[in-house]
Amino acid sequence: MAPTPEPIILASASPTRARLLEAAGVRFTVKPPEIDEAPTKQRARQVGQSAIECARMLAAAKAGAVSHRYPEALVIGADQLLAAGDEWYDKPADLAAARAQLQALRGHTHVLATAVCVVRSGERVWHAASMPELTMRPFSDAFLAEYIAAEGEALLGSVGAYRLEGRGIQLLERMTGDHFAVLGLPLFELLDFLRSRGALSP
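Below is a short write-up of the structure. Keep in mind that this is a model prediction, so the values were computed, not measured.

For any two helices packed against each other, the geometry is given by the interaxial angle and the distance between the axes. It is at 10 Å that the axes of helix 2 (residues 37-46) and helix 3 (residues 51-67) come closest, and there the two elements cross at 150 degrees. When the axes of helix 2 and helix 3 are compared, the pair comes out roughly antiparallel. Regarding helix 2 and helix 3, the two cross each other, and that crossing is right-handed. Residues Glu37, Thr40, Lys41 and Ala44 of helix 2 pack against Cys54, Met57, Leu58 and Lys62 of helix 3. Partitioned by chemical class, the residues of the contact of helix 2 with helix 3 number 4 nonpolar, 1 polar and 3 charged.

On to the layout of surface pockets. Empty space among the atoms becomes apparent when a probe as large as a water molecule is rolled across them. In this structure, the largest pocket encloses a volume near 680 Å³. Along the walls of the largest pocket sit 32 residues, with Ser14, Arg17, Lys91, Gly157 and Ser158 positioned nearest its centre. Elements with a minimum of two residues in the lining of the largest pocket: helix 1 (15-23), helix 2 and strand 3 (74-84). Here the residues of the lining of the largest pocket are counted per class, giving 14 nonpolar, 8 polar and 10 charged. Of the pockets and cavities examined, the second largest pocket occupies roughly 180 Å³. In this structure, the second largest pocket is lined by 13 residues; those nearest its centre are Pro5, Glu6, Ile8, Arg27 and Ala199.

This part covers the pairing of strand 6 (residues 123-130). Moving residue by residue along a regular strand, the side chains alternate between the two faces of the sheet. Pairing analysis gives 7 bridges linking strand 5 (residues 109-120) to strand 6, with the strands arranged antiparallel. The residue of strand 6 that forms the bridge with Val116 is Ala128. Adjacent in sequence and paired antiparallel, strand 5 and strand 6 are bridged by 2 residues, among which Ser121 carries a positive phi angle near 55 degrees.

The next point concerns the pairing of strand 7 (residues 133-136). Pairing geometry for strand 5 and strand 7, over 3 bridges, is antiparallel. Among the inter-strand pairings, His110 is bridged to a residue of strand 7, identified as Leu134.

Another aspect to go through is the nonpolar core. Counting 45 residues, the largest nonpolar core has Leu21, Leu102, Tyr147, Tyr162 and Leu194 as the members making the most contacts within it. If we ignore the near neighbours within four places in the chain, the residues touching Leu21 are Leu10, Val26, Phe28, Ile76, Leu185, Leu187 and Leu190. In this structure, Ala59, Ala63, Val66 and Val75 belong to the second largest nonpolar core, which totals 11 residues.

As enumerated under the stated definition, the model contains 4 aromatic pairs in all. Look at Trp126 and Phe193: their rings are 5.1 Å apart centre to centre, the planes differ by 15 degrees, and that puts the pair in the stacked class. One end of the pair, Trp126, is in strand 6; the other, Phe193, is in helix 7 (residues 187-196), and 67 residues separate them in sequence. Each of the two residues, Trp126 as well as Phe193, counts as buried.

Let us now look at unusual backbone geometry. Positive phi is not limited to glycine here, since Ser121 has a value of about 55 degrees. Non-glycine residue Ala161 carries a positive phi angle of around 60 degrees. Its relative accessible area of 0% is what places Ala161 among the buried residues.

Quick notes on the rules
Residues numbered from 1 in each chain as written. Predicted model: local features only at pLDDT ≥ 70, side-chain atom pairs only at ≥ 80, totals over all residues. Heavy atoms only, no water. Axes fitted to C-alpha atoms, helices over the stretch in contact; angles between N-to-C directions. Helix = DSSP H or I, 4+ residues; strand = E, 2+ residues; numbered from the N terminus. Parallel < 35°, antiparallel > 145°, perpendicular 65-115°, else oblique. Left-handed = near helix turned anticlockwise from the far one by under 90°. Contact = heavy atoms within 4.5 Å. Nonpolar A, V, L, I, M, F, W, Y, C, P; charged D, E, K, R; others polar. 1 Å grid on protein atoms, 1.4 Å probe; cavity = no way out; pocket = protein on both sides within 12 Å on 5 of 7 lines; lining within 4 Å. Points joined across faces, edges and corners; volume = space filled by probe spheres on them. Pairing = 2+ DSSP bridges. Core = buried A, V, L, I, M, F, W, Y, C linked by side-chain atoms within 4.5 Å. Buried < 20%, exposed > 50% of the residue type's maximum accessible area, 1.4 Å probe, protein only. Phe/Tyr/Trp six-rings, centres within 6.5 Å; stacked < 30°, edge-to-face > 60°.

Pasting the structure below:
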């Protein structure tokens, strides 16, 4: 008899990450972690860490926080930071902040530092990272106003104040890197790992 696959838990409140796993046919449960990300980001900036190093730390912290409650499960943690030059951007607090962020990014290239890790019994057993680059076109103020009115508070759930799978695609003129990483999860690498653990059919 084949061994029972390890249960999979997504330690994330992101509906986009959950949709990606569901669409890929992964069976999992969602257990959002309860951690404060701000101190980790502040320490990372103080000691000169890069955005991707910080994202790795946060992904591991999220998975670890849930793994202690479900040690028998493969717990997936993920994080994403937007870096433009020396600036890091969080999810905007309100639509005014979203407008200011998009104005700052307009006409420039930014990086979505995206990390994922899997923790079991409190130990990290796998991790991956991706750094897709996106360039925003020099869109007009009129377009920006239309965009914010159309998308509304949905913008507040994205670190970039845009959703690639929605109208946000109109903000961009170029993208290099993994499409799934832009959405918040390096999916190809994660699925390959889950197959190697017997959680998915080879």
